[in-house]
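Observations on chain architecture
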Amino acid sequence: MGNSASAALPYKIGDQTHPPFRNPYTAGYAIHKATSNSDNSNVTAFKASKPDLVKTPLDKFGPKDPSYTQILPALQHFYRSKTILHPNVLKVHALLDTDYPNQESPVNASAVNAGNLSSLEASATTGELIIITEECMPLEDWLSSLDSANVEQNSNMLAYGILCILQALTFLHQNAKLAHGALSPHSIFVTRSGDFKLFYYTLATPIGIEDGGGGPTAHFRKFESYLVPPQYRSPERKETRWDVIQNAAVHAVDSYSLGILFEYLYSHTPTFGYGGQVPEKLKKAVIRLQTNNIKMRPRVHPLLKCPVFAENEYVQLNDSLSTMDLKGVEEKVIFLQKLPSLMAPGGTLSGRSMCVYKIVPILVSCLRQATMKGPDGSEGGSGGVLQDVDRRLIMAVTPAF
């Protein structure tokens, strides 16, 4: 067992881009460049050395209990990453605990969901935790990379990114029945196509646990003060009022953090055109999200209807692109007919990154669908689709380069 088992992964892990203990909120995972052995495509690798996790205290960055180390939060994130699947959470291609190359780990999903500390503590601690995801960068890196001259484009990209996070949180709350618990800039990553993806499930928890402690899991109660920037922790968390959380809705702790996140994103840089302020149409929502009254904090899902997102053409087009594979032939053809003007210089979907990482994959998918053999041996789903899609492919790709 140990590091040699990492060769079992069909990926080549390259240079480290971010060190493992760069702040207290990343669970001790370093970030590496990586490529797939099958097609040489770029991916991202998250790696954590379990011996280092065991000896690195969570209070490395502050005066807290030195007996609390990085290992259990890192393990919780690793095993949660196996089970949380949605287009707006960071896509995991492969995972490997090198202590258990044949996946015979004593940790199981039900134990993690219940916040069973003894299950995580039973894990061996001599190897590495490796998570291979779609290619991405930390949100803070993305913010720093923005061109301050492109105010409108930056504003549109941020609005779409926030929509992605709203959809991820809606899935967690409504479908997975989980609170993320660690929502902050450190838990968000950005793909090459500009999609924001939720990650770092170090504190993900159901709400209303009947284990005598009340509220979230024992794991959450033990570690939450270490793994989230203090300003993102709601008042009841800081006061350890777990009984209050237990009787609240699952979204409540994340809603508070979301309100703080909105303020951070819009004040972080003046490149979004709002003078470092939250857009006027979001201000009331942000105030309600940050209320001290946990039962008055709004759910995340209704925010999707806010005009900042719902009336933004760039946001709505990007959201539509994310589900294009599910649309019928006629809907795809209608979209392709509009595509040249959308991708022209200054158009809503202009830009090389948009073309390479979103439009081209859709066009390739359309071509494959159009050239599929039907049951009778005919090509395409309906007459003329191949010719039309082929023409649109040439017209759409050309202006992007």
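Given the structure is predicted, the values throughout are model-derived calculations rather than measurements.

1. Quick look at the sheet that holds strand β3 (residues 42-49)
Taken together, five strands build an open sheet; the order of strands is β1-β2-β3-β5-β4 and the sheet is antiparallel. Both edges of this open sheet fall to β1 (11-18) and β4 (92-97), since each of them pairs with a single strand only. Here the strands of the sheet are splayed against their neighbours by 25° on average, with no regard to which way each runs. Pairing geometry for β4 and strand β5 (residues 128-134), over five bridges, is antiparallel.

2. Some words on the packing of aromatic side chains
To describe a pair of aromatic rings, one takes the distance between the centres and the angle between the planes. A full pass over the atoms with the stated rule returns twelve aromatic pairs. When the centroid spacing of 5.3 Å and the interplanar angle of 85° are considered together, the rings of F46 and F189 count as edge-to-face. Pair noted here: F46 is in strand β3 and F189 is in strand β7 (residues 188-191), with a separation of 143 residues, a long-range link. Among the residues examined, F46 registers a relative accessible area of 0% and is labelled buried. Since its relative accessible area comes to 1%, F189 is described here as buried. Between F46 and F199, the ring centres sit 5.1 Å apart and the planes meet at 55°, which makes this aromatic pair tilted.

3. Topic: unusual backbone geometry
Positive phi values are uncommon outside glycine, yet A27 reaches one of about 60°. Turning to its location among the elements, A27 is positioned in the loop between β1 and β2 (30-36). For A27, a relative accessible area of 0% puts it in the buried group. One non-glycine residue, T240, lies in the positive phi region at around 50°. Its place among the elements puts T240 in the loop between α8 (235-238) and α9 (242-246). When its relative accessible area of 47% is taken as the criterion, T240 is described as partly exposed.

4. What to know about the nonpolar core
Of all hydrophobic cores here, the largest spans 105 residues; its most connected members are Y29, F46, L258, F262 and F309. The leading source of residues in this core is helix α6 (residues 151-174), at 13 residues. Residues contacting Y29, with those up to four places away along its chain left out, are P19, P20, R22, F46, K47, A48, A74, H77, F78, L129, I131 and Y200. By size, the runner-up hydrophobic cluster in this structure holds nine residues, among which are V43, A94, L96 and I132.

5. Side note on the pattern of salt bridges
Counted under the stated rule, the structure contains eleven salt bridges. Between K197 and E134 there is a salt bridge, and its shortest N-O distance comes to 2.8 Å. Taken together, the residues span a long stretch of sequence, with K197 in strand β8 (residues 196-198) and E134 in strand β5 at a distance of 63 residues. Residue classification places E134 among the buried residues on the basis of a relative accessible area of 16%.

6. Quick notes on the confidence of the model for the protein
Per-residue pLDDT for the protein averages 84, and the proportion of residues at 70 or more is 84%. Of all secondary-structure elements in the protein, the lowest mean pLDDT belongs to helix α16 (residues 385-397), at 49, while β8 reaches the highest, 98. The low-confidence segment residues 380-385 (pLDDT under 50) makes ten contacts with residues lying over four places distant or belonging to another chain. Throughout residues 393-401 the model reports pLDDT below 50, and contacts reaching past four residues in sequence, or to other chains, amount to 16 contacts.

7. Thoughts on helix α2 (residues 71-81)
Note: α-helices contain 3.6 residues per turn, so residues at a spacing of three or four share the same orientation. Among the eleven residues of α2, eleven are classified as buried, and the element is accordingly described as predominantly covered. For α2, the set of buried residues is I71, L72, P73, A74, L75, Q76, H77, F78, Y79, R80 and S81. For α2, the secondary structure elements touched by its buried residues are α1 (50-55), β4, α3 (109-113), α4 (117-121), β5 and α7 (218-227).

The rules we used
- Residues numbered from 1 in each chain as written.
- Predicted model: local features only at pLDDT ≥ 70, side-chain atom pairs only at ≥ 80, totals over all residues.
- Heavy atoms only, no water.
- Pairing = 2+ DSSP bridges.
- Helix = DSSP H or I, 4+ residues; strand = E, 2+ residues; numbered from the N terminus.
- Axes fitted to C-alpha atoms, helices over the stretch in contact; angles between N-to-C directions.
- Phe/Tyr/Trp six-rings, centres within 6.5 Å; stacked < 30°, edge-to-face > 60°.
- Buried < 20%, exposed > 50% of the residue type's maximum accessible area, 1.4 Å probe, protein only.
- Core = buried A, V, L, I, M, F, W, Y, C linked by side-chain atoms within 4.5 Å.
- Contact = heavy atoms within 4.5 Å.
- Salt bridge = Lys/Arg side-chain N within 4 Å of Asp/Glu carboxyl O.
- pLDDT = per-residue confidence, 0-100.

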